[in-house]
Amino acid sequence: MRFIYLDCSLIKTAGHHYNFCKRIIGMAEEANIPVKILANSSLETDLIEELNAVPYFRYHAYWAPSKLESMRSALTAMETVRQATLEELMGISGIRSDDIIYVNSVLPAQLLALNQWAQSMGPDAPTIIAEVFFKTSVTFNEQTYTEHSDNIVDNLWLYIGDILPKPEKLNFNLISFDPKVSDIYSRILRQPVFTLTNPLSILSPPQNRTGKKIITVGLGGHQRYQKGYHHMVGILCNFLQETGWDNVRFRLHHSSPDEMHDVQQALRELTQLDQRIELVEGPLTVDEWNAFIDSLDIVLCPYEPVAYKGSWSGLVREALSCGSPVIVPRDSVSADFLSKKHVLFEDFAEWTVSDIFEALKKIVNDYDRYASSTYKAAKLLYENEHEANIVKEIIEKFI
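Definitions and limits used
- Residues numbered from 1 in each chain as written.
- Predicted model: local features only at pLDDT ≥ 70, side-chain atom pairs only at ≥ 80, totals over all residues.
- Heavy atoms only, no water.
- Pairing = 2+ DSSP bridges.
- Helix = DSSP H or I, 4+ residues; strand = E, 2+ residues; numbered from the N terminus.
- Axes fitted to C-alpha atoms, helices over the stretch in contact; angles between N-to-C directions.
- Contact = heavy atoms within 4.5 Å.
- Core = buried A, V, L, I, M, F, W, Y, C linked by side-chain atoms within 4.5 Å.
- Buried < 20%, exposed > 50% of the residue type's maximum accessible area, 1.4 Å probe, protein only.
- Phe/Tyr/Trp six-rings, centres within 6.5 Å; stacked < 30°, edge-to-face > 60°.
- Salt bridge = Lys/Arg side-chain N within 4 Å of Asp/Glu carboxyl O.

J.: Looking at this structure, how should I read the sheet that holds strand S14 (residues 326-329)?
T.: By way of backbone hydrogen bonds, the strands of a sheet pair with one another, either parallel or antiparallel. Taken in spatial order, the 6 strands of this open sheet run S12-S11-S10-S13-S14-S15, and their pairing is parallel. Edge positions in the open sheet fall to strand S12 (277-281) and strand S15 (346-348), since each of these has one partner strand only. If you compare each strand with its neighbour and ignore which way they point, the axes differ by 25 degrees on average. As defined by bridge partners, strand S10 (residues 215-219) adjoins strand S11 (residues 248-254) across 5 bridges and the pair is classed as parallel. When the sheet's bridge partners are listed, Val217 is paired in S11 with Phe250. Contacts from helix H9 (residues 286-294) reach S10, S11 and S12 within the one sheet, and its direction differs from that of S11 by about 150 degrees. Against the sheet, helix H12 (residues 353-364) makes contact with S10, S11, strand S13 (298-300), S14 and S15, and its axis sits at roughly 170 degrees relative to S15, the strand it touches most.

J.: What is the right way to look at the nonpolar core in this model?
T.: One broad trend across soluble globular proteins is that nonpolar side chains are buried collectively. Within the largest apolar cluster, 76 residues are counted, with the highest numbers of intra-cluster contacts made by Phe3 and Tyr102. For this core, the leading source of residues is helix H4 (residues 108-121), giving 8 residues. Excluding anything up to four places from it in sequence, Phe3 contacts Ile24, Ile25, Ala28, Ile33, Pro34, Val35, Lys36, Ile100, Tyr102, Val391 and Ile394. Grouped together as the second largest cluster of nonpolar side chains are 31 residues, Tyr229, Leu236, Leu252 and Leu270 included.

J.: For this particular structure, what's the right way to read the environment of Val233?
T.: The residue Val233 is located in helix H7 (residues 231-241) in this model. With 31 residues separating them in the primary sequence, Val233 and Gln264 have C-alpha atoms 8.9 Å apart. Setting aside residues no more than four positions away along its own chain, Val233 makes contact with Val263, Ala266, Leu267 and Leu270.

J.: In this structure, what is going on with unusual backbone geometry? I would like to understand it.
T.: A negative phi holds for most residues other than glycine; trans holds for most peptide bonds. Unusually for a residue other than glycine, Asn32 sits at a positive phi of about 60 degrees. Residue position: Asn32 is located in the loop between helix H1 (16-30) and strand S2 (35-40). In this structure, Arg190 is a non-glycine residue whose phi angle is positive, near 60 degrees. Positionally, Arg190 belongs in the loop between helix H6 (179-189) and strand S9 (193-195). The class of Arg190 is partly exposed, set by a relative accessible area of 44%.

J.: In this structure, what is going on with the sheet that holds S2? I would like to understand it.
T.: The sheet built from 7 strands is open, its strands ordered S3-S2-S1-S4-S5-S8-S9 with parallel pairing. The open sheet is flanked by strand S3 (53-57) and S9, the only strands paired with a single partner. Adjacent strand axes in the sheet meet at a mean angle of 30 degrees when their direction is disregarded. Pairing geometry for strand S4 (residues 100-106) and strand S5 (residues 127-132), over 5 bridges, is parallel. When the bridges of S5 are listed, Tyr102 appears paired with Ile129. Across the face of the sheet, H1 comes into contact with strand S1 (3-6), S2, S4 and S5 while running at roughly 180 degrees to S1.

J.: Any chance you could explain H6 here in plain terms?
T.: Think of an α-helix as 3.6 residues a turn; residues three or four steps apart then line up on the same face. For H6, every residue scored as buried is listed here: Val181, Ser182, Ile184, Tyr185, Ser186, Ile188 and Leu189. Just downstream of H6, Arg190 is the residue with a positive phi angle, here 60 degrees.

J.: For this particular structure, what's the right way to read the side chain of Ser256?
T.: Looking at the element boundaries, Ser256 is found in the loop between S11 and helix H8 (261-271). Not counting residues within four places of it along the chain, the set of residues in contact with Ser256 comprises Lys12, Ala14 and His222.

J.: I'm lost on the packing of aromatic side chains in this one. Help?
T.: The relative placement of two aromatic rings is captured by the distance of their centres and the angle of their planes. Counted by the stated rule, this structure contains 12 aromatic pairs. Ring plane angle 15 degrees and centroid distance 5.6 Å describe the contact between Tyr5 and Tyr102, whose orientation is recorded as stacked. Of this pair, Tyr5 sits in strand S1 while Tyr102 sits in strand S4, and the two are 97 residues apart along the sequence. Using a relative accessible area of 0% as the deciding quantity, one classes Tyr5 as buried. Ring pairing ties together the aromatic residues Phe239, Trp245, Phe250 and Phe357, which thus form one cluster.

J.: What should I look at first to understand the pattern of salt bridges in this one?
T.: Note that side chains of opposite charge can pair when their charged atoms are close. Under the definition given, this model contains 21 salt bridges. Salt-bridge contacts for Asp98 lead to Arg96; the nearest nitrogen and oxygen are separated by 3.3 Å. You can call Asp98 partly exposed: its relative accessible area is 37%. The class for Arg96 is partly exposed, based on a relative accessible area of 38%. Notably, a salt bridge pairs Asp162 with Arg190, separated by 3.1 Å at the nearest N-O pair.

Here is the structure:
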């Protein structure tokens, strides 16, 4: 048995692709299973050596969804990627029926290609685990059993759900890391989507942050518009006008600071006005990232509510594991996750600076109550999941 990890979007350390690879491959090695990694053909040189990975796939998963001028252009782009990905999958030599093929963060083109690849191998196909991934705003009409979305990428998913063959007699499995996401995609794709333990494993016991004299608010990762990073300028301006917040600090991390350049420059200028604001720019190592998250006493997720209605956030899970209270969009997968953990958190209904800042004020002004609740939930999460191993879980569930 080998564990073969495929990620056409693994290019650099920024984003979840690197962290997922490090952790999942580490779990396979912990289970004494030989591993092989095939990444994007533009994989950074340092990562080739660090991960012992092979640069392979021409298209990253987000290339086709970026071609959204029209439904026609999106379908054309999807077909281009599907054909290329299928050729590349067919070109992987030495695949055995006892191999486990784990495919990280698939979108419609990759999912179609994987399914066709599996069908071509017939009874000799290996076990294939494909994690479905993307933000979806599809709504379901329970009376008519129909789905609807005006978003082009959502409609690509719905189209795939109409044409994707059922993997009968094949060990071809779709997964996600959140039950709500699994339910949404099982309805879109019309076949089971299983929920596995999130590979962003709980690495250490949480902090009890009650009684903190200095409260550090922050966010981190690969920032973009849908994550509400542009709202941080207005949020910080409100912060600077707030009285009685001398004990509050902000730490903001952007792994690709050349992106959203105007926003990043405005934030840099704000750091010059007040030493309580700090920017952390550029990719972080796993240890640096863990230390950064642990340094935050409140984690702010100013995400677009519609985009995150059907998408989970790794940052929310990591914040909870550290015992840090969180602010998330209302009716999002993250809000559902926190509610099920019986933890106090704040949410916002409108994607505006004023709504997000009001949610922040509630936590800052009653910090110990939120911190105590989060610590209790985080302790329970640690006790239940700190030894979780997704690779062992895959073997138990699908082999």
